[in-house]
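Next come the chains, spelled out residue by residue.
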Amino acid sequence: PAHSSQEVTMPATVYLITGGCRSGKSSYAQNLCEKLSPHPIYLATSSSSGEYVDADMVDRIQRHQADRNTRLAGWTTIEAPLHPSEHLEEMVERVVLVDCLTLWLTNYMLEYKVFSLTTDGEDDVTAKERITAAEAASDAMKQEITTMIAQWNTTFVFVTNEIGSGGHASDAVSRTFADHQGWLNQFVASKAREVVHMVAGCANVVKRVEDGGRGAKGSWMSQDDRDDAKLLDTFLSSRSLQMDSKGYFMVKLDENRIVASFYSCIVNDKGEICDLQGNKIKCCNGGSRREPMKVWKGRTAKELTTAIFEEWEDAAKLEFSIGHAAYIGREVQRAEHCLYSNIPYQQD
């Protein structure tokens, strides 16, 4: 789609989770990733070994690993202290938790020897060298981030620290680092769809970009146009549809989820309703209504249609017509609208 020259959009979906020490940043970010994907990637910006890794760092790394494995077995870990863009091929169509920007920036500051450019009696030359080196390190890291988020089919969840919200740093090197951390946070926030500030385990959304979907306000259509569209919809709902011979879908809302159930119409040699393998499908509680062959639950229409038409192995065998697939897409989209608008839904 075309955009105005003032509007800047980034291909990847980016979330930024920020806050102070022990504010709940990592837990919130992990939970977000697990909601989005059953197999997220944990991109560790600190290495589990090396010159700057002490016993405390090893302990923190092990605790984070144990927590991820307890919550979800599908995590994949990648260690990339400087150049995670080298792993972009592994991140295609994945959700990537980058934890954290602060350690990542520290690695770049070490790489550019920023922390060594100081003395007790610092002169102007040393100060300028440190500032120049810090700017080069920060610019290099921003370029790395820009390269990563240019990959449109990856979702990135960045975790960072609000180190500038604490006490004023007592030395010039620490102040330099705090400045560049703050500017880096602003840079990533400017690219993010959503920015969350964590305080005492509570999430405060400080930025959320609406995309014209759920919750978007306003409409370019006049009231007359909307009324005409509703009349047309009602008319189209009265037309006859040819059902697929192998089954049909029922859609409903239940417990804050969209539920889609597929009921088989396949008949085996004994005249029984069966699944694709010819096994008779049982009736619910001994009644006349048979059990569904497959049930899906989701929070959005996209989540459901992806699970049904892209991930369900039997979908190709059932050979759904284009019209049937389009109908299901419309219905679950309407169900999603009702779910998020708190209005009743009835399948068309």
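A. Structural detail: the packing of aromatic side chains. A full pass over the atoms with the stated rule returns 13 aromatic pairs. Pairing Phe-156 with Phe-158 gives two aromatic rings, centres 5.9 Å apart and planes at 20°, and the pair type is stacked. Each member of the pair, Phe-156 as well as Phe-158, is classed as buried. Site record: aromatic cluster; members linked through ring pairs are Phe-249, Phe-262, Trp-296, Phe-309, Trp-312 and Phe-320.

B. Quick look at the packing of helix H3 (residues 101–111) against helix H5 (residues 172–191). Orientation of H3 relative to H5, taken along the N-to-C sense of each, is 125°, at an axis distance of 11 Å. Our classification of the angle between H3 and H5 gives oblique. At the point where H3 passes H5, the crossing takes the right-handed sense. On the side of H3, the interface is formed by Leu-101, Thr-102, Leu-105, Thr-106 and Met-109, while H5 contributes Phe-177, His-180, Gln-181, Leu-184, Asn-185 and Val-188. By residue class, the composition of the contact of H3 with H5 is 6 nonpolar, 5 polar and no charged.

C. Summary view of the confidence of the model for the chain. Of the residues in the chain, 82% reach a pLDDT of 70 or more, and the chain-wide mean stands at 84. Looking over the chain, one finds the lowest element-wise mean pLDDT in helix H2 (residues 55–71), namely 61, and the highest in strand E5 (residues 155–159), namely 96. Note that residues 1–10 has pLDDT below 50 and, in this model, 3 contacts with residues that lie over four places away or in other chains. In this model, residues 212–216 is a region of pLDDT below 50 whose contacts with residues beyond four sequence positions or in other chains number 5 contacts.

D. Structural context of helix H9 (residues 322–341). Its 20 residues give H9 an end-to-end C-alpha distance of 29 Å, which sits within 8% of 28 Å, the value for a rise of 1.5 Å per residue. All of the buried residues in H9 are His-324, Tyr-327, Ile-328, Glu-331, Val-332, Ala-335, Glu-336, Cys-338 and Leu-339. Considering only its buried residues, H9 is in contact with strand E8 (247–254), strand E9 (257–264) and helix H7 (301–311). Positive phi shows up at Asn-342, right after H9, with a value of about 55°.

E. Expanded view of a nonpolar patch on the surface. A cluster of nonpolar residues, Leu-232, Phe-235 and Leu-236, forms a patch on the protein surface that exposes about 300 Å² of accessible area. By relative accessible area, which is 34% here, Leu-236 ends up partly exposed.

F. Expanded view of the sheet that holds strand E4 (residues 95–99). With mixed pairing, 7 strands are arranged side by side in an open sheet as E3-E2-E4-E5-E1-E6-E7. Unpaired on one side and paired on the other, strand E3 (76–79) and strand E7 (202–208) mark the two borders of the sheet. Sheet twist, expressed as the average angle between the axes of neighbouring strands with direction ignored, equals 20°. As paired elements, strand E2 (residues 41–44) and E3 share 4 bridges and run parallel to each other. In the strand pairing of E3, Leu-43 is matched with Ile-78. Contacts between H5 and the sheet are confined to strand E1 (13–19), E5, strand E6 (194–199) and E7, with E1 contributing the most and set at about 140° to the helix.

G. Layout of the sheet that holds strand E10 (residues 294–298). Taken together, the 3 strands give an open sheet; going across it, the order is E8-E9-E10, and neighbouring strands pair in antiparallel fashion. Since the sheet does not close on itself, it has two edges, and those belong to E8 and E10, each with one partner. Between one strand axis and the next, the sheet turns by 20° as a mean value, whatever way the strands run. Relative to E9, E8 runs antiparallel, the two being bridged by 8 bridges.

H. Just the pattern of salt bridges, in detail. Following the criterion strictly, the structure yields 5 salt bridges and no others. Residues Glu-319 and Lys-246 are paired through a salt bridge, measuring 3.9 Å at the closest nitrogen-oxygen approach. Of this pair, Glu-319 sits in the loop between helix H8 (315–318) and H9 while Lys-246 sits in the loop between helix H6 (223–237) and E8; the two residues are 73 residues apart in sequence, bridging distant segments of the chain. For Asp-314, the salt bridge goes to Lys-317, with nearest N and O atoms at 3.6 Å. Accessibility expressed as a relative area gives 47% for Lys-317, which makes it partly exposed.

How each quantity is defined
Residues numbered from 1 in each chain as written. Predicted model: local features only at pLDDT ≥ 70, side-chain atom pairs only at ≥ 80, totals over all residues. Heavy atoms only, no water. Phe/Tyr/Trp six-rings, centres within 6.5 Å; stacked < 30°, edge-to-face > 60°. Buried < 20%, exposed > 50% of the residue type's maximum accessible area, 1.4 Å probe, protein only. Axes fitted to C-alpha atoms, helices over the stretch in contact; angles between N-to-C directions. Helix = DSSP H or I, 4+ residues; strand = E, 2+ residues; numbered from the N terminus. Parallel < 35°, antiparallel > 145°, perpendicular 65-115°, else oblique. Left-handed = near helix turned anticlockwise from the far one by under 90°. Contact = heavy atoms within 4.5 Å. Nonpolar A, V, L, I, M, F, W, Y, C, P; charged D, E, K, R; others polar. pLDDT = per-residue confidence, 0-100. Expected span 1.5 Å × (residues − 1). Patch = residues over 30% accessible without salt bridge, like charges linked within 9 Å, V, L, I, M, F, W, Y side chains within 5 Å. Areas by Shrake-Rupley, 256 points an atom, 1.4 Å probe, with all protein chains shown as cover. Salt bridge = Lys/Arg side-chain N within 4 Å of Asp/Glu carboxyl O. Pairing = 2+ DSSP bridges.

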